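If you want the building blocks of each chain, they are given just below.
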Amino acid sequence: MIALPSDSLGLRLFDFKTQKWTVLTNTANAYPTWSRDGQYVYFLQQGSQGLIRIGIRDRKVEQVADLKGFQLTGYWGLWLGLAPDDSPLLLKDTGSQEIVALDWQAP
């Protein structure tokens, strides 16, 4: 299980075997989302405008996409989801007259 502290500064991972929480990251983030295979957690890193993933086994942090200039939107703020192939799904503010598709190539 993954959780955000109340201040959204970091991600915590709960290990059901040991019954303990461990820190995955201490950066401000939003919308943590598990990869389909459970090997990664994807999240939006606040401030840096980046889509990040962290490996559960090795704790390696990778920037998946630079979102500078990408106008994110959502009803209560930003939003992040993953398609069945783990490609990111984001809400882009393009006004009310356009529908946009964005192709993503995995690193």
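None of these values were measured; they are calculated from a predicted model.

**Considering the side chain of Thr33**
Right, so step 1: For Thr33, the location among the structural elements is in strand 3 (residues 20-34).
Right, so step 2: Note on Thr33: relative accessible area 18%, which makes it buried.
Right, so step 3: Of the polar contacts made by the side chain of Thr33, one reaches the backbone oxygen of Tyr31; its length is 3.1 Å.
Right, so step 4: Aside from chain neighbours lying at most four places away, what touches Thr33 is Tyr40, Val41, Tyr42, Leu80 and Leu82.

**Some thoughts on the confidence of the model for the protein**
Right, so step 1: In this model, the protein carries a mean pLDDT of 84, and residues with pLDDT of at least 70 account for 87%.
Right, so step 2: Within the protein, the element-level pLDDT minimum falls on strand 8 (residues 88-90), averaging 86, and the maximum on strand 1 (residues 2-3), averaging 92.

**So, the environment of Ala101**
Right, so step 1: Among the structural elements, Ala101 can be located in the segment after strand 8.
Right, so step 2: Distance from Ala101 to Leu89, taken between C-alpha atoms, is 9.9 Å for residues 12 residues apart in sequence.

**Notes on the pattern of salt bridges**
A side chain with one charge may pair with a side chain of the opposite charge, provided their charged atoms come close.
Right, so step 1: Tallying each qualifying case throughout the model produces 1 salt bridge.
Right, so step 2: Here Arg53 and Glu62 are joined by a salt bridge, their closest N and O atoms 2.9 Å apart.
Right, so step 3: A relative accessible area of 14% places Arg53 in the buried class.

**Things to note about the environment of Pro84**
Right, so step 1: Checked against the element boundaries, Pro84 lands in the loop between strand 7 (80-82) and strand 8.
Right, so step 2: Pro84 sits 49 residues away from Ser35 along the chain, and the two C-alpha atoms are 8.8 Å apart.

**A word on the nonpolar core**
Right, so step 1: Ranked by size, the top nonpolar core spans 10 residues in total: Tyr42, Leu44, Leu51, Val64, Ala65, Leu67, Phe70, Leu72, Leu80 and Leu82.
Right, so step 2: At the level of elements, strand 4 (40-45), strand 6 (61-66) and strand 7 are the ones that each hand at least two residues to this core.
Right, so step 3: Beyond its immediate sequence surroundings of up to four residues, Leu72 is in contact with Leu44, Leu67, Leu78, Leu90 and Leu91.

**As for the sheet that holds strand 4**
Right, so step 1: Taken together, 6 strands build an open sheet; the order of strands is 1-2-3-4-5-6 and the sheet is antiparallel. If you trace the sheet from one side to the other, it starts and ends with strand 1 and strand 6, each paired once.
Right, so step 2: Taken together, the 4 bridges between strand 3 and strand 4 define a ladder with antiparallel strand orientation. Its bridge partner being in strand 4, Asn29 is matched across the sheet by Gln45.

**Some remarks on the pairing of strand 6**
Right, so step 1: As defined by bridge partners, strand 5 (residues 50-55) adjoins strand 6 across 5 bridges and the pair is classed as antiparallel. Pairing of Ile52 across the sheet is with Gln63, part of strand 6.
Right, so step 2: Where strand 5 hands over to strand 6, the hairpin turn is made up of 5 residues, of which Arg59 adopts a positive phi near 60°.

Definitions and limits used
Residues numbered from 1 in each chain as written. Predicted model: local features only at pLDDT ≥ 70, side-chain atom pairs only at ≥ 80, totals over all residues. Heavy atoms only, no water. Helix = DSSP H or I, 4+ residues; strand = E, 2+ residues; numbered from the N terminus. Buried < 20%, exposed > 50% of the residue type's maximum accessible area, 1.4 Å probe, protein only. Polar contact = N/O pair within 3.5 Å; in protein donor to acceptor, adjacent residues only side chain to side chain. Contact = heavy atoms within 4.5 Å. pLDDT = per-residue confidence, 0-100. Salt bridge = Lys/Arg side-chain N within 4 Å of Asp/Glu carboxyl O. Core = buried A, V, L, I, M, F, W, Y, C linked by side-chain atoms within 4.5 Å. Pairing = 2+ DSSP bridges.

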